[in-house]
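Per-entry structural report
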Amino acid sequence: MKERNDFMLKTLSAQIKQYKKSTILTPIFAALEVVMEVLIPMAMARLVKYGIEGGDTGAIYRYGFLMMAMAMLSLVFGSVCAHTASHASTGFAANLRDGMYRNIQRFSFANIDKYSTAGLVTRMTTDVTNVQNAFQMITRIAVRSPLTLIFSMIAAFVINPELAGVFLIPLVLLGVVLGLIIKRATHLFDQVFKKYDDLNASVQENVSGIRVVKAFVREDFEDKKFGKAATNVYNLFVKAERIIAFNSPVMMLTIYGSVMALSWRGASLVTGGSLDVGDLTAMYDSNALALLPQLDRGTRVLGVINNGGGGIFRTLPGADGQPETMRKLLVQPHAHSFKAIAEQWGMRYLTIRTAEDFDQLDSLEENSQTLVELIPDREQTEQMRLRLANA
């Protein structure tokens, strides 16, 4: 089996030919893009620690410009990576089809009897397309994802080794579950490709022998034969997709479980004085927007309510009876906005202060990401709260 796999890899690798340069550049630019994305949250942590908490305007400008530069570099590296990956994969597929066609021309009579026309059509169309997609994912995603995991873990341990340990158990659990899903789904997809041959054979035989089919009134039989082949492909795909569907809930359970553990442990370290708020923020807060480019395209609106530093906590039971020093802790006034964060991740930014401002939402473009910041008036909010409480 190992010798067979080695021979297959050598045969496929030989078809890269003139696209070796793009194939080599793709993982390099993917790695550089990952490095920039990991460094941005660390720069954010320094901005919060030395700029906002330290009251140093110069540090805010320095780290702000540094983050802008890293975001631009990440954009450039990602664009070049996408271009080189597409160039290498499509060229590789073209060479592979050409090589397969040339090889078919050299078939002996024994080979012609062994391989069906439908099977050869499947190999040169569906299978080559799947190999092309796999090649692109190997050179880009298969490099980007592990490096993101490795560099993110390194950054987490640099920020706080004790807090980074929270990720280890979910990572092991996630790896085991995804391994089981991949193993089972791969077996089913292998069966799907074999059923594709039956499907193509039914079409090919029906088209080439259409006069015979009509002469002997065999349309119903051919319809049933094609329907059976299509149903087999459908059933296998449904089984495979049902297994793959577990991927999303397992991922979400792991992510949100990690966030809860990170929040609980991080809060303990912050109150104990061994962790800065900025470092905790860098590990799980605004950094989540880095996932936007990896999601399917679609119109997304992220709503943020900015009440200027709290105020809601003063409505908690018993807050009025607290001393003034304690009441000051309930509200931390500020004049910051989320505009910089929206620009950092390439999102459109809208501000809503009045009811009329909601009309801006009518102008949202398709497949766009927008951050909408609602800034309510504190006095009006308090009056409304009192009216609702007394109603």
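Right above here is the structure, for reference.
Scoring rules and cut-offs
Residues numbered from 1 in each chain as written. Predicted model: local features only at pLDDT ≥ 70, side-chain atom pairs only at ≥ 80, totals over all residues. Heavy atoms only, no water. Pairing = 2+ DSSP bridges. Helix = DSSP H or I, 4+ residues; strand = E, 2+ residues; numbered from the N terminus. Axes fitted to C-alpha atoms, helices over the stretch in contact; angles between N-to-C directions. Contact = heavy atoms within 4.5 Å. Buried < 20%, exposed > 50% of the residue type's maximum accessible area, 1.4 Å probe, protein only. Patch = residues over 30% accessible without salt bridge, like charges linked within 9 Å, V, L, I, M, F, W, Y side chains within 5 Å. Areas by Shrake-Rupley, 256 points an atom, 1.4 Å probe, with all protein chains shown as cover. Salt bridge = Lys/Arg side-chain N within 4 Å of Asp/Glu carboxyl O. Parallel < 35°, antiparallel > 145°, perpendicular 65-115°, else oblique. Left-handed = near helix turned anticlockwise from the far one by under 90°. Nonpolar A, V, L, I, M, F, W, Y, C, P; charged D, E, K, R; others polar.

Some words on the sheet that holds strand E3 (residues 369-374)
Spatially, E1-E3-E2 is the arrangement adopted by the three strands of the open sheet, whose pairing is parallel. The two strands at the open ends of the sheet, each matched to only one other strand, are strand E1 (300-305) and strand E2 (348-352). Taken pair by pair, the neighbouring strands of this sheet meet at an average axis angle of 20°, ignoring direction.

Here's the deal with the side chain of serine 22
Relative to the helices and strands, serine 22 resides in helix H2 (residues 20-52). The residues contacting serine 22, other than those within four sequence positions of it, are Thr84, His87 and Ala88.

Structural notes on the side chain of glutamate 222
On the secondary structure map, glutamate 222 appears in helix H10 (residues 219-244). Accessibility expressed as a relative area gives 12% for glutamate 222, which makes it buried. Aside from chain neighbours lying at most four places away, what touches glutamate 222 is Asn206 and Val213.

What to know about a nonpolar patch on the surface
Together, Leu149, Ile150, Ile154, Phe157, Val158, Leu168 and Leu171 line one region of the surface with nonpolar side chains, adding up to about 580 Å² of accessible area. Taken together, the elements giving at least two residues each to the nonpolar patch come down to helix H6 (141-159) and helix H8 (168-208). Counting residues per element, the nonpolar patch draws most heavily on H6, at five residues. For leucine 168, the location among the structural elements is in helix H8. Of the residues examined, leucine 168 reaches a relative accessible area of 41% and is grouped as partly exposed.

Things to note about the packing of H2 against H6
Between H2 and H6, the least distance of the axes is 9 Å, while the angle of their chain directions is 30°. When the interaxial angle is binned, H2 and H6 end up roughly parallel. Once H2 is placed against H6, the crossing between them reads as right-handed. Packed against H2, whose contacting residues are Pro27, Ala30, Ala31, Glu33, Val34, Val35, Glu37, Val38 and Met42, the element H6 presents Val143, Arg144, Leu147, Thr148, Phe151, Ser152, Ala155 and Val158 at the interface. Within the contact of H2 with H6, the residues separate by chemical class into twelve nonpolar, two polar and three charged.

Everything listed here is a matter of coordinates, which is why it stays silent on function.
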